[in-house]
Amino acid sequence: MKYTIFTDPHIGTSRSSHTTRESSKRLKSQLTKAAQDIVSRGGNMICVGDLFDKAFNSEEVLLDGLDIASRCNYVLAGNHDLSNREGQITSIDFLSTLCESVIKCGKLSEPFFYPTDDKLMFVPHHASQEVFENALKLAYEHADDGDYLFLHCNYDAPFQTEDNILNLSEEMAHFLCTKFKYIFLGHEHHSSTKLDGSVIILGNTYPTSFSDICDKYVYILDTDTGELSKELIFSEKKASQKIRYGMDTKLDEEIVFVDVIGHAPNTIDLSNFIAKLWEDNPQCFAIRNSCQVDTINFMSAAEYISEKVELKDRISAELSGEMLSLFN
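Rules and cut-offs
- Residues numbered from 1 in each chain as written.
- Predicted model: local features only at pLDDT ≥ 70, side-chain atom pairs only at ≥ 80, totals over all residues.
- Heavy atoms only, no water.
- Helix = DSSP H or I, 4+ residues; strand = E, 2+ residues; numbered from the N terminus.
- Rg over C-alpha atoms; globule rule 2.2 N^0.38 Å.
- Buried < 20%, exposed > 50% of the residue type's maximum accessible area, 1.4 Å probe, protein only.
- Contact = heavy atoms within 4.5 Å.
- Areas by Shrake-Rupley, 256 points an atom, 1.4 Å probe, with all protein chains shown as cover.
- Lys, Arg positive; Asp, Glu negative; His and termini not counted.
- Charge placed at Lys NZ, Arg CZ, Asp CG, Glu CD.
- Salt bridge = Lys/Arg side-chain N within 4 Å of Asp/Glu carboxyl O.
- Disulfide = S-S within 2.5 Å.
- Phe/Tyr/Trp six-rings, centres within 6.5 Å; stacked < 30°, edge-to-face > 60°.
- Lys NZ or Arg CZ within 6 Å of the ring centre and 35° of its normal.
- Pairing = 2+ DSSP bridges.
- Axes fitted to C-alpha atoms, helices over the stretch in contact; angles between N-to-C directions.
- Arc of directions from axis to C-beta.

**Q** How should the overall build of the chain be read in this particular structure?
**A** Summing up its helical and strand segments, the chain has 10 helices and 18 strands in all. For 328 residues, the compact-globule estimate of 2.2 N^0.38 gives 20 Å, and the chain exceeds it by more than 25% at 25 Å. Looking at the chain residue by residue over its 328 residues, the buried ones come to 47%. Expressed as a percentage of contacts within the chain between residues at least 6 apart in sequence, the contacts between residues at least 24 apart total 64%. As presented, the chain carries roughly 17100 Å² of accessible surface, and 49% of it is formed by carbon and sulfur atoms. Within the chain, one finds 30 positive and 51 negative side-chain charges whose respective centroids are separated by 4 Å.

**Q** Mind showing me how you'd approach the side chain of Asp81 here?
**A** Checked against the element boundaries, Asp81 lands in the loop between β3 (74–76) and α3 (91–98). This buried residue, Asp81, is left without a salt bridge; Lys54 holds the nearest opposite charge, at 11 Å. Apart from residues lying up to four places away in sequence, Asp81 is in contact with Gly49, Asp50, Leu51, Phe52, Ala55, Leu76, Thr90 and Ile92.

**Q** When you look at the pattern of salt bridges in this model, what are you seeing that I'm missing?
**A** Two side chains of opposite charge can pair, provided their charged atoms sit close to one another. Evaluated as defined, the whole model comprises 10 salt bridges. For Asp93, the salt bridge is made with Lys104, and the minimal N-O distance between the two is 3.3 Å. On the criterion of sequence distance, the pair formed by Asp93 in helix α3 and Lys104 in the loop between β4 (102–103) and β5 (114–115) is long-range, its members being 11 residues apart. The salt bridge involving Arg288 is made with Asp259; its shortest N-O contact spans 2.9 Å.

**Q** What's the story with the state of the cysteines in this structure? I'm lost.
**A** In protein chemistry, a disulfide is the covalent bond that joins the sulfur atoms of two cysteines. This structure, assessed with the given rule, holds zero disulfides. Of all cysteine sulfurs in the structure, the one in Cys47 sits closest to Cys72, which takes part in no disulfide; the separation is 5.8 Å. Given the relative accessible area of 7%, Cys72 is considered buried. Cys214 takes part in no disulfide bond, and the closest cysteine sulfur to it belongs to Cys47, at a distance of 17 Å. For Cys214, a relative accessible area of 11% gives the class buried.

**Q** Just to check I follow, could you spell out the packing of aromatic side chains for this structure?
**A** Aromatic ring pairs are defined here through the distance separating the ring centres and the angle between the ring planes. Inspection of every chain in the model, using the stated rule, returns 13 aromatic pairs. Between Tyr3 and Tyr74 the ring centres are 6.4 Å apart and the planes differ by 40°, which places this aromatic pair in the tilted class. Here Tyr74 lies in strand β3 and Tyr3 lies in strand β1 (residues 2–6), a separation of 71 residues in the sequence. The buried category is assigned to Tyr74, whose relative accessible area is 14%. An aromatic cluster of at least three residues, connected via ring pairs, comprises Tyr3, Tyr74, Phe122, Tyr148, Phe150, Tyr182 and Phe184. Between the NZ or CZ atom of Lys179 and the centre of the ring of Tyr140, over which it lies, the distance is 4.6 Å.

**Q** Looking at this model, I keep getting lost on the sheet that holds strand β17 (residues 286–289). Mind explaining?
**A** Strands pair in a sheet through their backbones, by hydrogen bonds, and they do so in one of two ways: parallel or antiparallel. Ordered in space as β14-β15-β17, the three strands form an open sheet in which the pairing is parallel. The open sheet terminates on both sides in strands that have one partner only, identified here as β14 (240–244) and β17. Sheet twist, expressed as the average angle between the axes of neighbouring strands with direction ignored, equals 20°. Two elements, strand β15 (residues 257–261) and β17, share four bridges in a ladder whose sense is parallel. Bridge pairing in β17 links Val258 to Ile287. Along the sheet face, helix α7 (residues 267–280) touches β14, β15 and β17 and points at about 165° away from the line of β17.

**Q** What am I meant to see in the sheet that holds β1 here?
**A** Read across the sheet, six strands follow the order β4-β3-β2-β1-β12-β13 without closing on themselves; strand pairing throughout is mixed. Edge positions in the sheet fall to β4 and β13 (228–234), since each has one partner strand and no second. Here β1 runs beside strand β12 (residues 216–222); their pairing, made up of four bridges, is antiparallel. Along β12, the bridge assignment pairs Tyr3 with Leu221.

**Q** What exactly am I supposed to notice about helix α2 (residues 59–69) here?
**A** One full turn of an α-helix is made of 3.6 residues, so residues set three or four places apart face in the same direction. For α2, the set of buried residues is Val61, Leu62, Gly65, Ile68 and Ala69. One side of α2 holds all its buried residues, which, seen down the axis, span an arc of 125°. Opposite the packed face of α2, turned more than 90 degrees from it, sit the exposed residues Glu59, Glu60 and Leu63. Looking at the buried side of α2, the elements it contacts are β1, α1 (21–39), β3 and α3.

**Q** Which parts of the structure should I look at to understand unusual backbone geometry?
**A** Glycine aside, negative phi is the norm for most residues, and most peptide bonds take the trans geometry. Notably, Asp8 is not glycine yet its phi reads approximately 55°, a positive angle. By secondary structure assignment, the location of Asp8 is in the loop between β1 and α1. What makes Asp8 buried here is its relative accessible area of 0%. Phi is positive for Lys119, which is not a glycine, with a value near 70°. As for its position among the elements, Lys119 is in the loop between β5 and β6 (120–123). The exposure class assigned to Lys119 is partly exposed, which follows from its relative accessible area of 29%.

What follows is the structure, encoded as structure tokens:
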């Protein structure tokens, strides 16, 4: 059986850095569309975590999540999908009552793994690293040689300090690969492979910010033959561009992430240049200023105020009626 594998759509994401109010909305819509485009291919689908960007979402985002999850065979719960606080009903908890595809722990504090009839083994997000590793050992004990393991965690990041992020050490990965043919990881947004290709860090479906701009892929796994391939779904080269200050501000329509580099004579001219970029490229999601400025424009108070005034007189001049009486 063939499965299309993707991860970390992060639908519902709202970004403020390097965006405008409208471009942030466009990026949010694009993240949903990227996931919908994948599941619209049809066939068997696996989402390896972080369907949502937050544990709790609006009705609109929840419905988008339901649309995507209902077209997947398996949706693994990731750290962004869940809350480590017991008793809270998250968006993914609610979806699990509507979609059999959602895989999550009954209790985050108890080891949990989910085997299938098609050589697939899933271990979702857990409340702690210790419980997670116990779940991995249980999954290993119940797996058959040549099975496929799906996790949502960091890879070999021993100094990770956040409580809600888990880690697969290289040592543990070596151990697991003595039985599992491939280990597929969600969570990290840049795709790569480890241990001679046995560990596949999938990468997210679409950049959520400048920090995770890179080529994005979906993977296709054939469990009958063991064949694994990947398809490009986002091209860094086509969708992002560094533009030097002073260049033509009209860009190709496919460019949605812009990084402004070079030197600008002063902050006012740089601000005007970036404003022109936004005006000429209404398709953009984010424009970042990485430009060096030769002169910072400062204005003294004397440039704004031609003569000194008493503060009380200035306030009185702005008020009228009852407000003026109250102030006096």
